[in-house]
Amino acid sequence: MNSDLHLFDQLFEEGNEASFRLAPSLPSLQELFADWLDLFLRAWELPTHTAARWEELRGLYSLTERISLQYCRSDQLERELWQLGVFDEREVKQLTDGLQVFLKIVRSSELQPIRLCTLEMLELWWQALPEAFAWDQLKLMRSWGLDVAWRKEAWRVWWRFQQGKQTVPEHPRQWVSLCQQVALKRGCQIIKVEEQVARWAGVHLRQEGPCQTSPNCATCRIRGHCRWAQEETVPRDVELAWQAQDFQGVSTQQLIEALIPTLNLPEESGQTKEGSLLRRVEGWSVQQWQQQSENAFRETQLLLELCRRHGEERLQPGETFHNSGDLFRHFRHRLRLLKQEVFLVVLLDNKHRYLGEQLITQGLLNRSLVHPREVFAQAVEQRAAALVCLHNHPSGDPQPSSEDHKVTQRLKESGQLLGIPLLDHLVIGEERYVSFADEGWL
Ligand code: SF4
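These numbers were taken from a predicted model, which means no experiment stands behind them. (Residues numbered from 1 in each chain as written. Predicted model: local features only at pLDDT ≥ 70, side-chain atom pairs only at ≥ 80, totals over all residues.)

Draft legend 1. Structural context of the sheet that holds strand E5 (residues 433–435). Read from one edge to the other, the open sheet built from five strands follows the order E2-E1-E3-E4-E5, with strand pairing classed as mixed. Both edges of this open sheet fall to strand E2 (354–362) and E5, since each of them pairs with a single strand only. Averaged over all pairs of adjacent strands, the angle between their axes in this sheet comes to 20°, without regard to strand direction. The pairing of strand E1 (residues 342–348) with strand E3 (residues 386–392) spans six bridges and is antiparallel. Opposite Leu-347, over in E3, you have Leu-387 as the bridge partner. Seen against the sheet, helix H19 (residues 324–335) touches E1, E3, strand E4 (422–428) and E5 and runs at an angle of roughly 40° to E4. Contacts between helix H21 (residues 402–418) and the sheet are confined to E3 and E4, with E4 contributing the most and set at about 160° to the helix. (Pairing = 2+ DSSP bridges. Helix = DSSP H or I, 4+ residues; strand = E, 2+ residues; numbered from the N terminus. Axes fitted to C-alpha atoms, helices over the stretch in contact; angles between N-to-C directions. Contact = placed C-beta atoms within 7 Å.)

Right, dumping it as structure tokens:
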């Protein structure tokens, strides 16, 4: 930790800090409770007001008006929950436990902004939710105007910068603690510390920067100091990369060289070799490939990686988005084989030029978590004139569900209100996609 603080001292750019305004006051207890309840129900996959009728859950959302915040017994809470007639026995128990944690936080913090986000209190917030939702809890607290570290991408940058290729811890505990210490030492806000890390790497405000799932170190401002980037400069052996199932650090040339002997291609320059290789195998069936190669499994994987790189046609900032096909080509290699659902928003300017993209949720099966507030917060901040949403279906079938239709409708209406139209919503499957705009559903 000391070396972390020292590095921050070296790298903190004095007088060049982004300015932030925290909300002048916290939302009311009822609003905090409603937001927290939304997250809690989604996280534990309990019936939400999109699954049950709103009238049935009204009693739950107004609970804080009927019970004593100072002292409320579990059996009293359980009785209240049973009366709603929406939850089964397990769900009532889960909700009761969660509500007791929420009430404990309210009592011990007295809703003082600083006390709400001490490390001790954060442990309580996290205790109420599954581990995978720890970042969502921070994000929610940030939306209340609280001074908490909440940006996973900044943590990822810092970890790679400091630790190189060691797996990034999923839980935000270490990051929150580090940012708090640095902020205390420097006498600044925690979110400024986090913003500074984002700025070093070129991750500006909430836009994604170069340090994504596959880091693009060539465009990163801190590559000269970053441990990961230094490890990356040593080209990796194809064989080792294949065994580890991680082709980062292996150049395209290395992949081609490893595949050429299998296909007996003539000696050519790198570019021509790649073209010949891909032309040769285009349209091959798996059987043909197996007949061709003695080590078909290994070679197929190398070839898939090569095709993935070859097929990447990513829009660059300033390039114009013309139709759904542009976005499909931009995202399909990243999304089509993901095991988790991810929901992204692409921001466009008034000429429909690509401004950037933002991950909204990851790994959530319940799309009701995609709140218009999260989606449009980015658009407003980046002064986007229009946006497009997209998500993947890990099943491979891009046919939108009824929930997809509902969330699209909500986003469309929010966009109309804000004057930031939703141009399209793409659902990406394994090889195909469905565009709401092309289908005339928008
Ligand atoms: S140099 Fe590469 S790994 Fe390091 S922070 Fe930048 S993009 Fe990430």
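Draft legend 2. Structural detail: the nonpolar core. Counting residues in each nonpolar core, the largest one holds 53 residues, and the members touching the most others are Trp-36, Val-148, Ala-149, Val-157 and Cys-179. The set of elements that each furnish at least two residues to this core consists of helix H2 (29–43), helix H5 (74–84), helix H6 (89–109), helix H8 (119–127), helix H9 (134–143), helix H10 (152–163), helix H11 (173–186) and helix H12 (190–201). Ignoring anything within four residues of it in the chain, the contact list for Ala-149 reads Leu-138, Pro-172, Trp-175, Val-176, Cys-179, Ile-190 and Glu-194. (Core = buried A, V, L, I, M, F, W, Y, C linked by C-beta atoms within 7 Å. Buried ≥ 20, exposed ≤ 12 C-beta atoms within 10 Å, placed from the backbone.)

Draft legend 3. Focus on the site of the ligand. What surrounds the ligand is a group of 15 residues, the closest being Cys-211, Cys-217, Cys-220, Cys-226 and Trp-228. Put simply, the parts of the chain that give the shell around the ligand at least two residues each are H10 and helix H13 (227–232). Here the element with the most residues in the shell around the ligand is H10; it accounts for three residues. In the shell around the ligand, the residues fall into twelve nonpolar, one polar and two charged. (Near = placed C-beta within 6 Å. Nonpolar A, V, L, I, M, F, W, Y, C, P; charged D, E, K, R; others polar.)

Draft legend 4. Molecular detail of unusual backbone geometry. The phi dihedral of Glu-110 falls on the positive side, at around 50°, and the residue is not glycine. Mapped onto the elements, Glu-110 comes out in the loop between H6 and helix H7 (113–116). Non-glycine residue His-352 carries a positive phi angle of around 60°. Take His-352: it is sitting in the loop between E1 and E2. According to the C-beta neighbour criterion, His-352 is partly exposed, with 16 such atoms within 10 Å.

Draft legend 5. Structural view of the environment of Ala-128. If you trace the backbone, Ala-128 turns up in the loop between H8 and H9. Spatially, the C-alpha atom of Ala-128 lies 9.8 Å from that of Trp-44, the residues being 84 residues apart in sequence. Those residues in contact with Ala-128 that lie beyond four places of it in its chain are Phe-40, Gly-98, Val-101 and Phe-102.

Draft legend 6. Geometry of the pairing of E4. Counting buried positions along E4 gives seven out of seven residues, so the element sits mostly inside the fold. As paired elements, E3 and E4 share six bridges and run parallel to each other. Within E4, the position partnered with Asn-392 by the bridge is Ile-428. Taken together, E3, H21 and E4 constitute a β-α-β crossover, and its handedness is right-handed. Where E4 lies against E5, three bridges are found, and the strand directions are antiparallel. Looking across to E5, one finds that Leu-426 is bridged to Ser-435. (Right-handed = clockwise from strand over helix to strand, strands pointing away.)

Draft legend 7. Layout of the pairing of E1. Counted residue by residue, E1 has six buried out of seven residues, so it is predominantly covered. Here E1 pairs with E2 via seven bridges, running antiparallel. Counted as the bridge partner of Val-345 is Gln-358 from E2. The turn joining E1 and E2, which pair antiparallel and follow one another in sequence, is formed by five residues; a positive phi near 60° is taken by His-352.

Draft legend 8. Region of interest: the packing of H2 against H9. One can describe the packing of H2 onto H9 by two numbers: an axis separation of 11 Å at closest approach and a directional angle of 160°. By the angle between their directions, the pair H2 and H9 is classed as roughly antiparallel. Between H2 and H9 lies a crossing of right-handed hand. Residues Asp-35, Trp-36 and Leu-39 of H2 touch H9, and the partners they reach there are Asp-136, Gln-137 and Leu-140. Of the residues belonging to the contact of H2 with H9, the class tally is three nonpolar, one polar and two charged. (Parallel < 35°, antiparallel > 145°, perpendicular 65-115°, else oblique. Left-handed = near helix turned anticlockwise from the far one by under 90°.)

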